[in-house]
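Chain residues, written in single-letter form:
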Amino acid sequence: MDAMTTAMSIPSARLCTVPATRNLSSSVSFSTATSLLPKVSVTRGASVSLIRCIAEPAEKTTYTTSVNRNANIAKLQAGYLFPEIARRRNAHIQRYPDAKVISLGIGDTTEPIPTVITGAMEARARALSTLEGYSGYGAEQGEKPLRAGIGAAFYADLGIDETEIFVSDGAKCDITRLQLVFGPNVTMAAQDPSYPAYVDTSVMMGQTGLFQSDSQQYSKIQYMKCTPENDFFPDLSSTPRTDIIFFCSPNNPTGASASRKQLEELVAFAKKNGSIIVYDSAYAIYTSDDSPKSIYEIPGAKECAIETASFSKYAGFTGVRLGWTVVPKALKFADGHPVHTDFNRVMTTCFNGASNVAQAGGLACVSSEGLKAMHETVKFYKENTKILVETFESLGFKTFGGKNAPYVWVQFPGKSSWDVFSEILEQTHIVTTPGSGFGPGGEGFIRASAFGHRENILEASRRLKEYFGSKK
Ligand SMILES: Cc1ncc(COP(=O)(O)O)c(C=O)c1O
């Protein structure tokens, strides 16, 4: 075999010598927690195979540009929650290199994507290598059959037209693009605790004031407290009017889902105030009871609500990237202009359409076989949830959620969430998510995610029982 020399960048500053194999990616694995990018030269010969990593000297410079930092981004506190957890996890692994760390932390899926879905993606990818099957840019709004398929699978009988469904690269990106539609001059409310992207994108967009360290809140945002005392549904009678209301059900992180009556109350509240609800239904497929799976099950919602959703937690598409947002044409701004037109303008300007391979996967997801396969995977995660609920409850902790969501919200009264996070990591090598990372209302809780291989969930259960059981 000819010797081969390749140059690539890896995020590490150390000098190292590692045996190379045919599959380089499997032979090299380094921490990503540094910005230094040394050159790696790979030499592959017939008899000796080595990778030499040569760290380049760090460039020291005092030069700055004359561009002012975006003052809104400067308002953001620390890092985004999940990179911060990853940082702490990496530090833990450095201290305990032999520990088998189990993650019940970030809500990332773990189980393989059903083959009925990957098969469709494979076929589409292969077709791209043929003259007849090649396609380049597609419609920014998504391919028509997929828009129609999503409509049929998730909004049948709800009066949603396929042209009101925008296919995207995921709900998180759509939340940001929605903020672009709203601009800096709107006021907003979000459940507290909630998925951090609502508050953080609002800060980035300039809708908020500064972070207040006493309340742990950004000024100008209405934090709608959701606690066991109010059944995780905000007290709307004391919630001030805002232009935009972010509402996630089933909720990340609490796992609570709003009942039909509660959502009727929310829609009535929005209509009374002339507000727009951004309803995040990323976990709707996990609903086991008769809670609505879409905000459009509530009469009148089309005039006051946008719904964003995703294949991430339905089909393990967290890496594939595919989601959608519904913007009904009946939803209008104060001057009568349809929100749909402005969202379309943002999508066609800031987005070039979801990957055509991912969309082929999405179309398979909404086929009858795909839907069945997705429900199977969801069932598996829900069994994990049961194990986690049983574990914490058996140890005397109060848990919430878990029934309609892949998250278990565990209460540690009087304790700091980050302290509990650190204690569990230190004592059991298990990563959880501190509740306060989702807003001040999450203080005193941790979120345990049911995304995980069964053996890891069982092992986590065993370790938790061993540690907390011994403390009793
Ligand atoms: C409530 C909620 N919305 C949106 C997302 C992001 O979805 P996507 O992967 O489609 O960007 C997540 C991911 O964890 C989530 O929990």
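Because the structure is predicted, anything quoted here is derived from the model rather than measured.

1. Some points on the pattern of salt bridges
Next, step 1: Tallied over the entire structure, the rule returns 19 salt bridges.
Next, step 2: Between Arg 88 and Glu 84 there is a salt bridge, with its nearest N and O atoms 3.0 Å apart. Of this pair, Arg 88 and Glu 84 both sit in helix H3 (residues 81–95), four residues apart, which is roughly one turn of the helix.
Next, step 3: Take Arg 88: its relative accessible area is 28%, and that puts it in the partly exposed class.
Next, step 4: For Glu 423, the salt bridge identified is with Lys 415, shortest N-O distance 3.7 Å.
Next, step 5: Salt bridges linked by common partners bring Glu 459, Arg 462, Arg 463 and Glu 466 together as one network.

2. Thoughts on the sheet that holds strand S16 (residues 407–411)
Next, step 1: With antiparallel pairing, the four strands of this open sheet are ordered in space as S15-S16-S19-S18. The open sheet terminates on both sides in strands that have one partner only, identified here as strand S15 (398–401) and strand S18 (433–434).

3. Points about the site of the ligand
Next, step 1: Around the ligand, the structure places 14 residues, and the nearest of them are Asn 252, Asp 280, Tyr 283, Ser 310 and Ser 312.
Next, step 2: Here an oxygen atom of the ligand sits 2.8 Å away from a polar atom, N or O, in the main chain of Ala 171.
Next, step 3: The side chain of Asp 280 places a nitrogen or oxygen atom 2.6 Å from a nitrogen atom of the ligand.
Next, step 4: Starting from 390 Å² of accessible surface for the ligand in isolation, the protein chains cover 92%.
Next, step 5: Elements supplying a minimum of two residues to the shell around the ligand: helix H6 (171–182) and helix H9 (312–315).
Next, step 6: Taken together, the residues that form the shell around the ligand break down as six nonpolar, four polar and four charged.

4. A closer look at the sheet that holds strand S13 (residues 305–310)
Next, step 1: Within the open sheet, the seven strands sit side by side as S6-S14-S13-S12-S11-S7-S10. Their pairing is mixed. Every interior strand has two partners, whereas the edge strands, strand S6 (165–168) and strand S10 (221–225), have only one. For this sheet, the mean inter-axis angle between neighbouring strands, taken without regard to orientation, is 20 degrees.
Next, step 2: Alignment of strand S7 (residues 188–192) against strand S11 (residues 244–248), held across three bridges, turns out to be parallel. Bridge pairing in S11 links Ala 190 to Phe 246.
Next, step 3: Where H6 meets the sheet, its contacts fall on S6, S11, strand S12 (276–280), S13 and strand S14 (323–326), and the angle it forms with S13 comes to roughly 155 degrees.
Next, step 4: Contacting S6, S12, S13 and S14, helix H10 (residues 339–350) crosses the sheet at an angle of about 20 degrees to S6.

5. Observations regarding the environment of Phe 232
Next, step 1: Following the sequence through the fold, Phe 232 ends up in the loop between S10 and S11.
Next, step 2: Residue class for Phe 232 comes out buried when judged on its relative accessible area of 9%.
Next, step 3: Separated by 24 residues in the primary sequence, Phe 232 and Ala 256 place their C-alpha atoms 6.4 Å from one another.
Next, step 4: Sequence-distant contacts of Phe 232, that is, excluding residues within four places in its chain, are made with Cys 226, Thr 227, Thr 254, Ala 256, Phe 400 and Trp 409.

6. Let's talk about the environment of Tyr 407
Next, step 1: Along the polypeptide, Tyr 407 turns up in strand S16.
Next, step 2: Taking C-alpha positions, Tyr 407 is 7.2 Å from Asn 252, a pair spaced 155 residues apart along the chain.

7. A word on H6
Next, step 1: Between its terminal C-alpha atoms H6 stretches 16 Å, which fits the 16 Å expected from 12 residues at 1.5 Å a residue.
Next, step 2: Those residues of H6 lying buried are Ala 171, Asp 174, Ile 175, Arg 177, Leu 178, Gln 179, Val 181 and Phe 182.
Next, step 3: Positive backbone phi, at 80 degrees, marks Gly 183, one or two positions downstream of H6.

8. Thoughts on the packing of aromatic side chains
Next, step 1: In total, this model carries 29 aromatic pairs according to the counting rule given.
Next, step 2: Taken together, a centroid distance of 4.6 Å and an interplanar angle of 40 degrees make the contact between Phe 397 and Phe 412 tilted. You can see Phe 397 sitting in the loop between helix H12 (368–394) and S15 and its partner Phe 412 sitting in the loop between S16 and helix H13 (417–428), a full 15 residues away along the chain. For the pair Phe 397 and Phe 412, one class covers both residues: buried.
Next, step 3: Pairwise contacts between aromatic rings join Phe 82, Phe 232, Phe 400, Trp 409, Phe 438 and Phe 445 into one cluster.
Next, step 4: Lying over the aromatic face of Phe 166, Arg 147 brings its terminal NZ or CZ to 5.7 Å of the ring centre.

9. Regarding the side chain of Thr 239
Next, step 1: In this fold, Thr 239 is placed in the loop between S10 and S11.
Next, step 2: What makes Thr 239 buried here is its relative accessible area of 15%.
Next, step 3: A polar side-chain atom of Thr 239 sits 2.8 Å from the main-chain carbonyl oxygen of Asp 235.
Next, step 4: Apart from residues no more than four positions distant in its own chain, Thr 239 is found in contact with Met 224 and Phe 269.

10. Regarding the pairing of S7
Next, step 1: With five of five residues buried, S7 lies mostly within the body of the structure.
Next, step 2: Note: S7 against S10, five bridges, orientation parallel. What sits directly across from Ala 190, in S10, is Tyr 223.

11. Topic: the side chain of Thr 308
Next, step 1: Examined against the element boundaries, Thr 308 turns out to sit in strand S13.
Next, step 2: When near neighbours in sequence (up to four residues on either side) are disregarded, Thr 308 contacts Ala 171, Asp 174, Ile 175, Tyr 279, Asp 280, Ser 281, Ala 282, Trp 324 and Thr 325.

12. A look at the packing of H6 against helix H7 (residues 197–205)
Next, step 1: Packing of H6 against H7 brings their axes to within 10 Å, and their N-to-C directions diverge by 35 degrees. The hand of the H6/H7 crossing is right-handed. For the pair H6 and H7, contact is made by Lys 172, Ile 175, Thr 176, Gln 179 and Leu 180 and by Ala 197, Tyr 198, Thr 201, Ser 202 and Met 205, respectively.
Next, step 2: Classifying every residue of the contact of H6 with H7 by side-chain character gives five nonpolar, four polar and one charged.

What counts as what
- Residues numbered from 1 in each chain as written.
- Predicted model: local features only at pLDDT ≥ 70, side-chain atom pairs only at ≥ 80, totals over all residues.
- Heavy atoms only, no water.
- Salt bridge = Lys/Arg side-chain N within 4 Å of Asp/Glu carboxyl O.
- Helix = DSSP H or I, 4+ residues; strand = E, 2+ residues; numbered from the N terminus.
- Buried < 20%, exposed > 50% of the residue type's maximum accessible area, 1.4 Å probe, protein only.
- Pairing = 2+ DSSP bridges.
- Near = heavy atom within 4 Å.
- Polar contact = N/O pair within 3.5 Å; in protein donor to acceptor, adjacent residues only side chain to side chain.
- Areas by Shrake-Rupley, 256 points an atom, 1.4 Å probe, with all protein chains shown as cover.
- Nonpolar A, V, L, I, M, F, W, Y, C, P; charged D, E, K, R; others polar.
- Axes fitted to C-alpha atoms, helices over the stretch in contact; angles between N-to-C directions.
- Contact = heavy atoms within 4.5 Å.
- Expected span 1.5 Å × (residues − 1).
- Phe/Tyr/Trp six-rings, centres within 6.5 Å; stacked < 30°, edge-to-face > 60°.
- Lys NZ or Arg CZ within 6 Å of the ring centre and 35° of its normal.
- Left-handed = near helix turned anticlockwise from the far one by under 90°.

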